[in-house]
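Residues per chain are reported as follows:
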Amino acid sequence: MARPIRVPYLVTGTNEYGCASHGRGSPTLALRLARKLLRDGYMDVRVCTPRGRVLQSDELDELKPQEETCMAKGEQRGNREAKKPKKEKAKVIAAAPSRKEAAWQPDFGPAKKK
């Protein structure tokens, strides 16, 4: 079952055919839609804010967007300390022959046979 989407701004208006309710995610979009409904002849246009305040059509100027204080999730900074960068390792290719020179090995002389 799909989860319901929470929409913080609800814009409602009434015209001769009935009532229309639209949800918007930002104050800019809610203000734009409310003004469009007023131009289209809707009466009793209201905007309900996330805090529960209901703005009438003559109070819509109070909904003007303030400076955006929230950042996108990728732009947020945490308070954790940064990790140290990892030490770079030389890549070892298994198919390539070893580049080490042959190490000196002691000579024990001829092997004795019995």
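Residues numbered from 1 in each chain as written. Predicted model: local features only at pLDDT ≥ 70, side-chain atom pairs only at ≥ 80, totals over all residues. Heavy atoms only, no water.

As for the sheet that holds strand E4 (residues 54–55)
Strand order in the open sheet formed by 4 strands is E2-E1-E3-E4, and the pairing between neighbours is antiparallel. The sheet terminates laterally at strand E2 (18–24) and E4, the two strands that pair on one side only. With 2 bridges connecting them, strand E3 (residues 43–48) and E4 associate as antiparallel partners. Across the sheet, Cys 48 pairs through a bridge with Val 54, a residue of E4. (Pairing = 2+ DSSP bridges. Helix = DSSP H or I, 4+ residues; strand = E, 2+ residues; numbered from the N terminus.)

Here's the deal with the pattern of salt bridges
Close approach of charged atoms allows side chains with opposite charge to pair. Tallied over the entire structure, the rule returns 2 salt bridges. Note that Asp 44 is salt-bridged to Arg 46, the shortest N-O span being 3.1 Å. (Salt bridge = Lys/Arg side-chain N within 4 Å of Asp/Glu carboxyl O.)

A look at the nonpolar core
Val 11, Ala 30, Ala 34, Leu 37, Val 47 and Leu 63 are the most contacted members of the largest nonpolar core, which totals 14 residues. At the level of elements, strand E1 (9–15), helix H1 (27–39) and E3 are the ones that each hand at least two residues to this core. Excluding anything up to four places from it in sequence, Leu 63 contacts Tyr 9, Pro 27, Ala 30, Leu 31, Val 47, Thr 49 and Leu 55. (Core = buried A, V, L, I, M, F, W, Y, C linked by side-chain atoms within 4.5 Å. Buried < 20%, exposed > 50% of the residue type's maximum accessible area, 1.4 Å probe, protein only. Contact = heavy atoms within 4.5 Å.)

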